[in-house]
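Descriptive analysis of the structure
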Amino acid sequence: MARVVELSYYPVKGCAGTPVREALLTPAGLAHDRSFMVVSEEGVYRTQRRDPLLAVIRPRVTPDGDHLTLTAPGTESLHLRVDTSGIRRKVDLFGTAYRGIDQGDDAGNWLSDLLGAPSRLVRVPPEHDRVTDGLTPGTSGYADSCALHVISRSTLDLLDRRLTERGAGPLPHDRFRPNLVVDGWDDPHTEDRAHRLRIGDAELGYAKLALRCAVTLVDQHTGTRAGPEPLRTLATYRRTHQGGIAFGTKYAVLRPGTVAVGDEVEVGVWGESEL
C-alpha cells in the first residue's frame, strides 16, 4: 500500500522548505506554497540557479498567512506582517508577466544584504489567476509550473544506488524539493504512470514530468553549488526525447482537501510514461 511519508511546502520560491505532518491542499497546491518570491529591483524572479544562497533562507509563515519570518545563518531574523492589499507591481517569472504585492523595504534590505544584490520580496495577490500547463491544467502561485511536485521513495532509492555505483554516493533528497514523497510503489518512477491520485479527501491529476535543472546541484544547507551530481548520473537513464532530464512528476489539484503524512495514495487512473 502506497502512503505519503514526507510532506513539505516552500513559502518563498527558491528558499528552504517547511516539513509538516498535515496540510491543506488548495487549488494552487499546499497552503502557502510558493506564495512569496524574491525578485530583482526590476521585478525579475530570483532562483537558486543564479542565487544559490536562497537555499539557506528558512521562511516560516503562520497558518493564517498573516505573518512571515525569515531566518538565515549569521544574520538577525526578520519578522513581517504580510501585506495582501498593497500596490501591485509587475514581476517576471520565466518571461511571463504576473503581479506581486511588495512586502516593503525591511524585507528588501534584508534580502539584498544576504544575497549581495538589490532584491525585493513579493506576495501572490488574491486575484492571481495563473493557468498552468500539462496534460491536466490547473493553477499555482509562483511555482516553476504546476501546483504539486510528487516523487516516490523507490525513485529516489534507485538514483542513490546508481550514484553509489558511480562512486558518488547518495545525495540528500532535499536537492529535488518535492512537496510529497510516496512510499510503497515498488517500481521506481511509478509516478510517471500514475495519472489520477486520491490522497485523503483530495484528488490530483497528472500534468507532466518534472524536468530537472541546476538547482539539483545546490547543497540546500550551505547554499553552494556542489555539482555535477545528480544531473550527470540522471542523464544516463532519464533523458526525455527533447533532451531534458526528468525526475518526479507534477500534478494539478482536481479536488482540494487535507493531506497528511500516513495518508494512503490511491491511483485511480494509470497511463503511459511520457519518457
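This text gives an overview of the structure that appears in the document.

Parameters at a glance
Residues numbered from 1 in each chain as written. Predicted model: local features only at pLDDT ≥ 70, side-chain atom pairs only at ≥ 80, totals over all residues. Heavy atoms only, no water. Helix = DSSP H or I, 4+ residues; strand = E, 2+ residues; numbered from the N terminus. Pairing = 2+ DSSP bridges. Phe/Tyr/Trp six-rings, centres within 6.5 Å; stacked < 30°, edge-to-face > 60°. Buried < 20%, exposed > 50% of the residue type's maximum accessible area, 1.4 Å probe, protein only. Contact = heavy atoms within 4.5 Å. Salt bridge = Lys/Arg side-chain N within 4 Å of Asp/Glu carboxyl O.

1. Some points on unusual backbone geometry
Going from glycine 227 to proline 228, the amide bond is cis rather than trans, its omega being 15 degrees. Relative to the helices and strands, proline 228 is located in the loop between strand S17 (224-225) and helix H3 (231-234). Between glutamate 229 and the following residue, proline 230, the backbone shows a cis peptide bond with an omega angle of 15 degrees. For proline 230, the location among the structural elements is in the loop between S17 and H3. Although it is not a glycine, arginine 34 adopts a positive phi angle of roughly 50 degrees. Topologically, arginine 34 is positioned in the loop between strand S4 (29-30) and strand S5 (36-40).

2. Observations concerning the sheet that holds S4
In space, the three strands of this open sheet follow the order S4-S3-S19, with antiparallel pairing throughout. Either end of the sheet is taken by a strand with one partner, and the two such strands are S4 and strand S19 (257-260). Bridge count for strand S3 (residues 22-26) against S4 is two bridges, and the pairing is antiparallel. In the strand pairing of S4, leucine 25 is matched with leucine 30.

3. Re the packing of aromatic side chains
Counting across every chain of the model gives three aromatic pairs. Relative to phenylalanine 94, the ring of tyrosine 45 lies with its centre 4.7 Å away and its plane at 45 degrees, an arrangement referred to as tilted. Of this pair, tyrosine 45 sits in the loop between S5 and strand S6 (58-61) while phenylalanine 94 sits in the loop between strand S9 (88-93) and strand S10 (96-102), and the two are 49 residues apart along the sequence. What makes phenylalanine 94 partly exposed here is its relative accessible area of 38%. With a centroid separation of 6.0 Å and 85 degrees between ring planes, the pair formed by tyrosine 206 and tyrosine 251 is classed as edge-to-face.

4. Observations concerning the environment of leucine 135
Among the structural elements, leucine 135 can be located in the loop between strand S11 (119-123) and strand S12 (148-152). Between the C-alpha atom of leucine 135 and that of isoleucine 101, which follows or precedes it by 34 residues, the distance is 30 Å. Setting aside residues up to four positions removed in sequence, leucine 135 forms contacts with Tyr206, Ala207 and Glu274.

5. Things to note about the pattern of salt bridges
Taken as a whole and assessed by the stated rule, the structure comprises 17 salt bridges. The salt bridge involving aspartate 144 is made with lysine 13; its shortest N-O contact spans 2.3 Å. Placement of aspartate 144 in the loop between S11 and S12 and of lysine 13 in the loop between strand S1 (3-9) and strand S2 (18-19) is noted, with a sequence separation of 131 residues between them. Residue classification places lysine 13 among the buried residues on the basis of a relative accessible area of 5%. Aspartate 102 is the salt-bridge partner of arginine 89, the closest N and O atoms lying 3.3 Å from each other. On the criterion of sequence distance, the pair formed by arginine 89 in strand S9 and aspartate 102 in strand S10 is long-range, its members being 13 residues apart. Look at aspartate 102 and you get buried, because its relative accessible area is 19%. Sharing partners across several salt bridges, the network here consists of Arg89, Asp102, Asp105 and Arg120.

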